[in-house]
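A closer look at the structure
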Amino acid sequence: MNTSMISASVTMGQLQRKMDTISHNLANSNTTGFKRREATFSDLLFQQVHTQPNAQNEVGRLTPNGIRVGSGAKIAETALRLEQGPFINTDRELDFAITDKNHFFRIQTMENGNPVERLSRDGTFYFSENPGNPNQLTIVTSNGDFVLDQNGDRITLPLNFQSISLNEEGQLLVTLTDGTVENIGEFGLTRVLKPQLLDSIGDQLYRLPNFAALGLAAGDVLEAAAVNGRVSQGTLEGSNVDLGNEMNELMMAQRHYQFNSRAISMADDMAGLVNGLRR
Amino acid sequence: MLRGMYGAAAGMIAQQQRQEMLTNNLANANTPGFKADQASLRSFPNMLIAAMNTNRAPKGQVQVVGELVTGVYLQERMPNFRQGDLMETGNNTDIALLQGVMPQTESGRQGALFYTIENENGEVRYSRNGNFTINGEGFITTTEGHYILGSNGETIQVGNEEFRVNEQGVIVNDQGVQVAQINVVYAEDPMLLVKEGSGFLRYEGEGELQTAIGNGAITFQIQQGFLERSNVDASQTMTEMMSAYRTFEANQRILQAYDQSLEKAVNEIGKI
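In this text, all values refer to a predicted model and were calculated from it rather than measured experimentally.

**A look at the UniProt feature "domain: Flagellar basal-body/hook protein C-terminal" (unreviewed entry) in chain A**
- The feature "domain: Flagellar basal-body/hook protein C-terminal" (unreviewed entry), as annotated in UniProt, sits at residues 233–275 of chain A in this numbering.
- Within residues 233–275 of chain A, the helical portion is 77% and the strand portion 9%, while the C-alpha atoms at the span's ends are 71 Å from each other.

**As for the packing of helix H1 (residues 4–27) of chain A against helix H1 (residues 4–27) of chain B**
- Running from amino to carboxyl end, H1 of chain A crosses H1 of chain B at an angle of 10°, the nearest separation of the two axes being 9 Å. In this view, H1 of chain A runs roughly parallel relative to H1 of chain B, as classed from their interaxial angle. On H1 of chain B, the residues touching Ser-4, Ser-7, Ala-8 and Thr-11 of chain A of H1 of chain A are Gln-19, Glu-20, Thr-23 and Ala-27 of chain B.
- In terms of residue class, the contact of H1 of chain A with H1 of chain B is built from 2 nonpolar, 5 polar and 1 charged.

**Brief notes about the interface of chain B and chain A**
- Taken together, the contact pairs 67 residues of chain B with 62 residues of chain A.
- For the pair chain B and chain A, the summed buried area comes to about 5400 Å², and 54% of that belongs to carbon and sulfur atoms.
- By the criterion of area lost to chain A, the three top residues of chain B are Asn-30, Arg-77 and Tyr-245 of chain B, representing 10% of everything that side buries.
- Put simply, chain B and chain A have 4 salt bridges between them.
- A salt bridge links Glu-76 of chain B to Arg-61 of chain A; the shortest N-O distance between them is 3.9 Å.
- Sorting the residues of the side of chain B that touches chain A by element identifies H1, strand S1 (37–43), strand S4 (72–79), strand S9 (132–134), strand S15 (193–197) and helix H2 (234–267) of chain B as the ones contributing at least two each.
- Per-element tally for the side of chain B that touches chain A: the top contributor is H2 of chain B, with 13 residues.
- Grouping the amino acids of the side of chain B that touches chain A by side-chain chemistry returns 21 nonpolar, 27 polar and 19 charged.

**Observations concerning the packing of helix H3 (residues 243–275) of chain A against H2 of chain B**
- At their nearest, the axes of H3 of chain A and H2 of chain B sit 10 Å apart, and the two run at 5° to each other. Relative to H2 of chain B, H3 of chain A is oriented roughly parallel. Listed contacts from H2 of chain B to Phe-259, Arg-262, Ala-263, Met-266, Asp-269, Met-270, Leu-273 and Val-274 of chain A of H3 of chain A are Ala-234, Met-238, Met-241, Met-242, Tyr-245, Phe-248, Glu-249, Gln-252 and Arg-253 of chain B.
- Of the residues contributing to the contact of H3 of chain A with H2 of chain B, the split by class is 12 nonpolar, 1 polar and 4 charged.

**Observations regarding the domain arrangement of chain B**
Residues and elements named next belong to chain B.
- The assigned domain composition of chain B is domain 1 (1–79 + 233–269) and domain 2 (86–228).
- Placing the centre of domain 1 and that of domain 2 at their C-alpha centroids yields a distance of 41 Å.
- On the domain 2 side, the residues contacting the 8 residues of domain 1 number 7 residues.
- A combined buried area of about 680 Å² lies between domain 1 and domain 2, and 58% of that area is made up of carbon and sulfur atoms.
- Three residues stand out in domain 1 for area buried against domain 2, namely Pro-32, Lys-35 and Pro-79, and they jointly supply 66% of the buried area on that side.
- There are 2 salt bridges connecting domain 1 and domain 2.
- Run the count over domain 1 and domain 2 and you get 4 residue pairs in polar contact (both at pLDDT 80 or more).

**Digging into the pattern of salt bridges**
- Within this structure, the stated rule accounts for 29 salt bridges over all chains.
- We note a salt bridge from Arg-36 of chain A to Glu-83 of chain A, for which the minimum N-O separation is 2.7 Å. With a gap of 47 residues between them, Arg-36 of chain A in the loop between H1 and strand S1 (37–43) and Glu-83 of chain A in the loop between strand S4 (73–80) and strand S5 (87–89) connect regions that are remote in the sequence.
- Judged by its relative accessible area of 6%, Arg-36 of chain A falls in the buried class.
- The class of Glu-83 of chain A is partly exposed, set by a relative accessible area of 29%.
- Residues Glu-162 of chain B and Lys-101 of chain A are paired through a salt bridge, measuring 3.7 Å at the closest nitrogen-oxygen approach. With Glu-162 of chain B in the loop between strand S10 (140–142) and strand S11 (164–165) and Lys-101 of chain A in the loop between strand S6 (96–98) and strand S7 (103–111), this pair bridges two chains.

**Some thoughts on the environment of Glu-196 of chain B**
- With respect to the helices and strands, the residue Glu-196 of chain B is situated in strand S15.
- On the basis of relative accessible area, Glu-196 of chain B is assigned to the buried category, the value being 18%.
- Along the primary structure Glu-196 of chain B and Arg-125 of chain B are separated by 71 residues, whereas in three dimensions their C-alpha atoms are 9.3 Å apart.
- Among all residues touching Glu-196 of chain B, those that are not within four sequence positions of it are Leu-45 and Phe-46 of chain A together with Arg-125 and Arg-202 of chain B.
- In terms of polar contacts, Glu-196 of chain B uses its side chain to reach the side chain of Arg-202 of chain B, at 2.7 Å.

**Some details on the domain arrangement of chain A**
All names here are of chain A.
- Split by domain assignment, chain A resolves into domain 1 (3–81 + 242–277) and domain 2 (87–237).
- The C-alpha centroid of domain 2 is placed 42 Å from the C-alpha centroid of domain 1.
- Roughly 860 Å² is buried in total at the junction of domain 1 and domain 2, and carbon and sulfur atoms are behind 42% of that figure.
- Of all residues in domain 1, the largest losses of buried area upon contact with domain 2 belong to Thr-32, Lys-35 and Leu-80, amounting jointly to 62% of the total for that side.
- With a shortest N-O distance of 2.6 Å, Lys-35 and Glu-237 are connected by a salt bridge.
- Across the contact surface, domain 1 and domain 2 share 5 residue pairs in polar contact (both at pLDDT 80 or more).

Rules behind the numbers
- Each chain carries its own residue numbering, running from 1 in the written order of its sequence.
- Chain labels run from A onward and ligand labels from 1 onward, assigned in the order the entries are written.
- Predicted model: local features are reported for residues with pLDDT of at least 70 only, side-chain atom pairs are reported and counted for 80 or more only, and whole-chain, interface and lining totals are derived from all residues.
- Only hydrogens and water are set aside; all other atoms, that is, all heavy atoms of the structure, feed into the side-chain values.
- UniProt positions are given in the numbering used here, feature names are shortened, and annotations may be inferred rather than shown by experiment.
- Only runs of H or I of at least four residues qualify as helices and only runs of E of at least two qualify as strands under DSSP, and these elements are numbered from the N terminus.
- For helices, the fitted line uses only the C-alpha atoms of the stretch in contact; every axis is such a line through C-alpha atoms, and the angle between N-to-C directions lies from 0 to 180 degrees.
- Each angle receives one of four descriptions, namely roughly parallel if under 35 degrees, roughly antiparallel if over 145, roughly perpendicular if within 65 to 115, and oblique otherwise.
- Contact definition: two residues touch when any of their heavy atoms are within 4.5 Å.
- Asp, Glu, Lys and Arg are counted as charged, while Ala, Val, Leu, Ile, Met, Phe, Trp, Tyr, Cys and Pro are counted as nonpolar; the rest, among them Gly, fall into the polar class.
- Buried area is understood as the total, over both parts, of accessible area removed when two parts are fitted together, assessed with a 1.4 Å probe.
- Any carboxyl oxygen of Asp or Glu within 4 Å of a side-chain nitrogen of Lys or Arg constitutes a salt bridge here.
- Just so you know, the domain bounds were taken from an automatic or database domain assignment.
- The term polar contact refers here to a pair of N or O atoms within 3.5 Å; inside protein, the definition further demands a hydrogen-donor-capable atom paired with an acceptor-capable atom, and it admits residues adjacent in sequence only when both atoms are side-chain atoms.
- Partly exposed residues are those whose accessible area sits between 20% and 50% of the maximum for their type, while under 20% is buried and over 50% is exposed, using a 1.4 Å probe and protein chains only.

Put into structure tokens, the structure is as follows:
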């Protein structure tokens, strides 16, 4: 059996995954706060084939006896790359950008009817009526998930507000219609020390794994961070996808795919020649 | 029996194995730190052919006809340890190893440098794949979770991805504390390294490879934020594949020619 067909087709399947990753990045090149993923390759297992049992018959060999037959390449990881995206100035008072790498907003979303905490870099926020108190508003994401403050509570503000601003200490200040200023707390920020543990679950949210199952404590991975100049109002963080770089990677992956398919067709032609031996 | 038939068949097998090797090289053209294999083909040992039952030779002696080679086989697949190109990625966990001056070896072949990695059985393996990651406990590992070893043979704990590596491989974590130095070992005869997959190389020589750190005859540079690309040359590999294919085809034609001769022998000799 000609193993080149197998190794080339396995590699093509893996390259398809890489192209999937790239196209996901490209599709999100305009998504606020999106972080790209990068697929890297690793070689697959090598099989030791013993050709000549007696080493003394193999004159002039440089390598240890036998030949090692490789079986293609696979995707080793799709690493989350958290470098800062560009800032987009919107002057909208509910647009916030995190200006420090590895920091995330704490977001409360519903999963199976239970409130759970997730992380996000998307700072496009809106007001929504507080379901617990109709005289208050809350700050929510574009999906209606609640934005949490430093204590893990929903951020609420009175209905009769006029404007909202973020001061240098990171406090959210609300100016009411009667001119009084009220401090409604701070955004809850989490610093993720091991970003590769984050799970993308869509809607710009990241989920954290079960730490106990990994033998870790939450403190090994997460760290509460003060806002303290890390959030800027009236700006959004653009996607950190570099179109040029992604297109380059896409082209290379596609060429690599072609090379492998060429190898398959050559292996097929060779099989045809074997069949043609007996006419 | 027609002896050349086996030679032609052996040629087909050898070229097919070469094709398999080239396909694997091509498949790994995007694998960081991969070293392309090169095939060496070797003819089977010569046979001395003697004529028997002839009256030309004096009694008690045989008449030697000549030597015959009955084919070829793929003797070995030698990795080419030439330095791969460096590609900038900007990721802190991509650490490329750039070879500098290497000492002269007795064989005249150049030695090579490697990182040391601990596999799941606690054995030391070597690799050039500098595509690392930080695991949950904060250790530097390969993408498959195997620990990278420092110059003292210990695993390296940096805590998070915000670490710095200088050109000698000294790692400083985000608190500014010097954590460890990445071990770099020197293989005088890299041909004794056997590929195991996942970028691993196993040393088949005596003992373990010695560190290159502090060895005045060896210079190297460690580049953080760069990856060493595969040293597979796609165009060269395609050319070799074409030549392997055509050699395979030529051998097949020879085999067909022998088949035709046999057909004549079977059907036409003795036909009335």
